[in-house]
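Fold and geometry: a report
Single-letter residue listing:
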Amino acid sequence: MDQVRRVTLVRSAQSIQAADRLPSNKGRASRVHALIDAFGLHTHMEIVAPVPMSDSGLMEFHSEEYIACLFAAADGRCLSHSSQDYNKDNGIHEELELEQFGLVHDCAVFNGMEKHVRYAAGGTAAGADALVSGSTDVAIHWEGGRHHCRRGKAAGFCYINDVVLGILALQTHFERILYIDLDLHHGDGVQSAFQYSDRVMTLSIHHHDRGFYPNSGGNYDEGKGRGIGHSINIPLRRGADDDTFSRVFSAVTTSILATFAPLAVVVQCGCDGLAGDPHKVFNLTTDAFARSVKTALGWRLPTLLLGGGGYSLPDSARCWTRLTGVACGREIPAAADVPEHRFLDEYGPAFDMATDATSMLNANDSETVDSAALAIKKLLESQSR
C-alpha cells in the first residue's frame, strides 16, 4: 500500500483577500478556496498561514530599486519627489519611472498591490520552507506562480516572481530542482533567472507563435554557460488537446528524470490553456492537468504546487480543486456535482466539475510532438555524458 502523502495548503483569510484584488484575477482566490472547502479537502491537509514577505526577503531576487519603486507606487508616492512638490514635469518623470519598472499597462498600479506582492511571495516561501524542513511532502500555494516578473521589472500581470524566490529557498537544502511550467504562456521570468544554472532545470510546455506573449520559449532556448541543456521548452501550436499535452509531458519528464535526477520539484499549474479560458488557444480539460500532477507526485519527491494564469474563475477553481484532490488522495471526477456553496450559481448550467473540450482543430500532429520530445531526449543525454 502506498504511503499516504503529507500535504500542506498555504492560505489565510488575509492572503486570499490580498490575491482577490489582483486586477487580472479579481475574486479568483475566494472561489478556488471556497470550492476546495466545499469538497471537504481542507480536512485532509495541514493549513499554514503565510507571513507577508519582508523587503529583505523580496530582495533575495528582486533589485532594491524595483522593490522601492513598487512600494512607493503602491503607497501613492513617486521616488523622485514628494507629493508636496508635485507638478506637470514631476508627473511626466513619474510616468517614465513607472514605465522603467514595468508598472504600466498590464501591470498598472492598483489598490492593495503591496499586500498582494508580500502575501504571494510569503505564501510560496512558506510552502518551500515546509518542504525544506521535512514537515510535508507536498506544499500547495494557489496564489503563487507569478512566473513573468523579472528581477527589476513587472511583466504579464506579475508584480513579483514568487516562483524564483521559492526555488531559491529550496536550493538551501536541495541540490537539484526541476521546475515545470504548465501555463499557456512561456515561463520566461523563471527561465531567465536560472538560465546560467546547472542546479535548476526549467521545463515549460506552452503556446508559442509570432506575437504571442511573451514572445519567447522557442525550442532554440537551451540555457547558457553551465546552464546549457537546462532550459527545456516545448512550444505547442493552437488547439493542443489533452492527449497532445499528456504525451509530451510524459515523454520529456521521463528523459529529465533519467538524466537530471531532481531532488525536488516545483510545478506551476497555470490553467489558461483550458478550453473554456478566454484565451481560447489550447483545447485542454482539467484531465490534462490532473494527469500531469499525478505523474509528478508519483515521483515521490518533495513537491511545491503553484497557481498561475487562469482567467475563467469557475474553471480555475475547478482545475485547482481537482489538483488539490489529486495531491491529498481524494480525487474528484470531472462528472462530480459542484457542492452547495456561496458561488454555486457560477457553475451553471451543468453545475458539475467538467471543463469540456471544444471542436477546435489541433494543429499539433503526433509526429511533430514525438520528434520534439526525441530531440530533447538526445539533448539531455548529450549533456549528461
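The structure we're discussing is the one just above.
A short tour of the structure in this document, coming up. No experiment lies behind these values; they were computed from the predicted model shown. (Residues numbered from 1 in each chain as written. Predicted model: local features only at pLDDT ≥ 70, side-chain atom pairs only at ≥ 80, totals over all residues. Heavy atoms only, no water.)

The next thing to look at is the packing of aromatic side chains. Scanning the entire structure with this criterion turns up 5 aromatic pairs. When the ring of tyrosine 66 is compared with that of phenylalanine 101, the centres are 6.3 Å apart and the planes differ by 45°; the resulting orientation is tilted. In this pair, tyrosine 66 sits in helix α4 (residues 64-74) while phenylalanine 101 sits in the loop between α5 (88-100) and α6 (113-133), placing the two residues 35 residues apart along the sequence. Classification of tyrosine 66 as buried rests on a relative accessible area of 0%. (Phe/Tyr/Trp six-rings, centres within 6.5 Å; stacked < 30°, edge-to-face > 60°. Helix = DSSP H or I, 4+ residues; strand = E, 2+ residues; numbered from the N terminus. Buried < 20%, exposed > 50% of the residue type's maximum accessible area, 1.4 Å probe, protein only.)

Once that is clear, we can look at the environment of glutamate 222. With respect to the element layout, glutamate 222 can be found in the loop between β5 (200-207) and β6 (231-236). Setting aside residues up to four positions removed in sequence, glutamate 222 forms contacts with Gly227, Ile228, Gly229, His230, Ser231 and Leu379. (Contact = heavy atoms within 4.5 Å.)

Turning our attention to the side chain of aspartate 315. Summarising the element assignment, aspartate 315 is placed in helix α11 (residues 313-327). We classify aspartate 315 as buried; its relative accessible area is 11%. What aspartate 315 contacts, discounting residues up to four positions off in sequence, is Leu274, Gly276 and Thr355.

Another aspect to go through is the pattern of salt bridges. Summed over all chains, the structure comprises 12 salt bridges. In this structure, arginine 150 and aspartate 188 form a salt bridge, with 3.2 Å as the shortest nitrogen-oxygen distance. Pair noted here: arginine 150 is in the loop between β3 (138-141) and α7 (162-170) and aspartate 188 is in helix α8 (residues 188-194), with a separation of 38 residues, a long-range link. (Salt bridge = Lys/Arg side-chain N within 4 Å of Asp/Glu carboxyl O.)

Here isoleucine 160 shows up in the loop between β3 and α7. We classify isoleucine 160 as buried; its relative accessible area is 0%. The sequence separation of isoleucine 160 and histidine 116 amounts to 44 residues, and the corresponding C-alpha distance is 9.2 Å. When residues no more than four places from it in sequence are discounted, the contact partners of isoleucine 160 are Leu58, His62, Ile67, Val117, Ala120, Ala121, Arg146, Cys149 and Leu165.

On to the pairing of β6, then. Counted residue by residue, β6 has 5 buried out of 6 residues, so it is predominantly covered. Pairing geometry for β5 and β6, over 6 bridges, is parallel. Opposite leucine 203, over in β6, you have isoleucine 232 as the bridge partner. (Pairing = 2+ DSSP bridges.)

Shape descriptors only; they carry no functional weight alone.
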